[in-house]
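# Examining the three-dimensional arrangement
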Amino acid sequence: MSSYREEMNFYVLPELTATLPARRINVNHWTLPTNISFADPQFHETGRIDLIIGAEHYLNLLSDGREKVGDEGPTLQNTVFGWVVSGRAADQPGTMHRTLSYSCTLANLQEQLTKFWEIETCRSSSSQSVEETACEAFFDQTTTRDDAGRFIVALPKREFIINQLGESRNIATRRFLGLERRFQLNPELKAAYADFIHKYERLGHMVQVPDVEEQFPVYYLPHHAVFKLDSTTTKLRVVFDASCKSSSGVSLNDALMVGPVVQEDLIAITLRFRLFRIAIVADVEKMFRMILIYLLDRCLQRIVYRDSPDGPIRTYELATVTYGTASAPYLATKCLQRLAKEGALTYPRAAKVLKEDFYVDDMLTGADNVDEAKQLAKEMITLTSSGGFNLRKWNSNCKELLAELPSDLLDDRATLELDSSTSPVKTLGLLWEPHSDNFRYHSPKWENEAVLTKRVVLAEAARLFDPLGLMGPVVVIAKIFLQALWKQQCGWDDPLPEAMQNFWQEYKMNLTALSSFSISRILDFFLRTPWN
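Quick look at the structure, then.

Reading guide: rules and limits
- Numbering of residues starts from 1 in every chain and runs along the sequence as written.
- In keeping with the predicted nature of the model, local features appear solely for residues at pLDDT of at least 70, side-chain atom pairs appear and are counted solely at 80 or more, and the whole-chain, interface and lining totals rest on all residues.
- Excluding hydrogens and water, the side-chain values take into account all heavy atoms of the structure.
- Helix and strand assignments come from DSSP, with helices taken as H or I runs of at least 4 residues and strands as E runs of at least 2, each series counted from the N terminus.
- Relative accessibility thresholds used throughout: buried, under 20% of the residue-type maximum; exposed, over 50%; partly exposed, between the two (1.4 Å probe, protein chains only).
- In this description, contact between two residues means that some pair of their heavy atoms is separated by no more than 4.5 Å.
- In summary, the pairing rule links any two rings of Phe, Tyr or Trp, Trp by its six-membered ring, whose centres are within 6.5 Å, and it sorts them by plane angle into stacked for under 30 degrees, edge-to-face for over 60 and tilted for everything else.
- The pairing criterion is simple: DSSP has to find at least two bridges between the two strands.
- To obtain an axis, a line is fitted to C-alpha atoms, over the contacting stretch when the element is a helix, and the angle between two such axes runs from 0 to 180 degrees between their N-to-C directions.
- Every case where a carboxyl oxygen of Asp or Glu lies within 4 Å of a side-chain nitrogen of Lys or Arg is listed as a salt bridge.

## Points about the environment of L485
Considering the arrangement of structural elements, one finds L485 in helix α13 (residues 472-488). Exposure remark for L485: the relative accessible area of 0% places this residue in the buried category. Spatially, the C-alpha atom of L485 lies 8.6 Å from that of M500, the residues being 15 residues apart in sequence. Excluding residues within four positions of it along the chain, L485 makes contact with K454, V457, C490, L496 and M500.

## Quick word on the packing of aromatic side chains
If you walk through the whole model with that rule in mind, you get 14 aromatic pairs. With a centroid separation of 5.2 Å and 55° between ring planes, the pair formed by F183 and Y193 is classed as tilted. With F183 in helix α5 (residues 169-185) and Y193 in helix α6 (residues 187-202), this residue pair connects regions lying 10 residues apart in the sequence. Here the two residues F183 and Y193 agree in accessibility, since each one is buried. Look at F481 and F503: their rings are 5.3 Å apart centre to centre, the planes differ by 20°, and that puts the pair in the stacked class. With F481 in helix α13 and F503 in helix α14 (residues 498-510), this residue pair connects regions lying 22 residues apart in the sequence. With relative accessibility at 38%, the residue F503 sits in the partly exposed group. Joined through ring pairs, the aromatic side chains of F481, F503, W504 and Y507 make up one cluster.

## Points about the sheet that holds strand β9 (residues 278-284)
Strand order in this open sheet of 4 strands is β13-β14-β9-β15, and the pairing throughout is antiparallel. Among the strands making up the open sheet, the edge pair consists of β13 (358-359) and β15 (391-396). Strand direction decides the pairing type here: β9 and strand β14 (residues 362-367), joined by 6 bridges, are antiparallel. Bridging from a neighbouring strand, A282 pairs with M363 of β14.

## A short note on the sheet that holds strand β5 (residues 151-153)
Strand order in the open sheet formed by 3 strands is β4-β5-β10, and the pairing between neighbours is mixed. The open sheet has two edge strands with one neighbour each: β4 (144-145) and β10 (292-293). Direction of pairing for β4 relative to β5: antiparallel, over a ladder of 2 bridges. Paired with R145 across the bridge in β5 is F151. Running at roughly 135° to β5, helix α8 (residues 328-342) makes contact with β4 and β5 of the sheet.

## Quick word on the pattern of salt bridges
Throughout the structure, instances matching the rule amount to 24 salt bridges. The shortest N-O distance in the salt bridge between R349 and E372 comes to 3.7 Å. With R349 in helix α9 (residues 348-356) and E372 in helix α10 (residues 370-386), the pair connects residues that are 23 residues apart, well separated along the chain. Relative accessible area serves as the criterion here: at 26%, R349 is assigned to the partly exposed category. When its relative accessible area of 28% is taken as the criterion, E372 is described as partly exposed. R413 is paired through a salt bridge with D411; the nearest N and O atoms lie 2.6 Å apart. Under the relative-accessibility criterion, R413 is labelled partly exposed at 31%. Judged by its relative accessible area of 8%, D411 falls in the buried class. Where salt bridges share partners, they join D140, R145, R338 and E342 into one cluster.

Laid out in structure tokens, this is it:
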């Protein structure tokens, strides 16, 4: 019997997976060692799976010892529970080939469907919840600015949960050790990751702290790499996981208030964007990281890192608002709103834009003539700079305006994606071409599904994102098709009738024609009316 002991958190579910292996495996022709003890002596018999241990514990379970069963046989690996068998067994007559796939989605299918139907619905904003009101009051009471004008914010904590945070350094360290193993296989990833971290530290966005035992709540953030190949600046970004559970089952995100939405929605901003003769876009560089975190709250944003497996693991505290924490979007956008309020008397036009024409860190605004556009640009740069923000990636349909701006702040892309912050799974992305001043759409890219089911179609239809309703005649076809699916009363995972499969495949194929569709950004009708 193994003496291994470890505390783990588990979810109790009605079913974990199918019985494994799918059929009994004939091991009579295998040459198995006789001096070893198997964790499951009946591993070759099909049976029910009782427990799945997460990958964060996997490496801690391995022991010395590994053997191969023949040239085409599986591998035997020693563990704290005994020897386990993994790999591929030679094909046997009558063996059923089965593929098991596991997936995790952050977007609930029901939520996607709700957004799909409600995207065109006009409704008034709901009142704030008690927690949102408390979050607003907390921000007003605790937010300050330093001598350079940068905002200093405190994390809006749920006090009744924050003290329940358990030990989190162990899992953060294990996750980092797993990341180091990826580095060994991918030196380019290691170099890019190190460059990002070193720049993070060089800019003062994280600070090394001593490894000491603390009496107050602390939290260690696991981190990993995310690639954004279409980015014109940073291709690799380090993302911090504040949803990782501590030993008590509580994560940092569980203990933070999310805060209300304080900016206008994308539809209102984009519609207003169409009313200006001169269109202007820009974004705030590293917006989250331009906002400092209150010194006493930084212990809740700790990470572990080292450059080489040969060196000691060091502890750092993130000194700025961190992407991945639940309150980060609220804190960042609320600081822009505060800056607009404080700059209203000095720069009224810029303050109005900062308050009404920003979607997260993207500015979509404009002016009615060149002189007004130039003045607005100067005011915007001055006002945002006073808060420690750098407004960059400027673009416009007016070349005279761009000629007035520093070249290092310009965006030379021919096509701009206006809704890049809305959803990571959209397919009808709204594009704007400054040179033609037209809106265009992405050509959708779909996964090749071998069998179409109601679940697959619903997920694909929910990805159609058309904030301005310009593609209404196209999107409504998907909605009508979904109604027909419900009338069929087929199961979620039953294959659709052949005629319906053919229709949906043809519909998706025809969507590629949208790449040739364009529509003028400017609404000439409203600009030509007598009252203007």
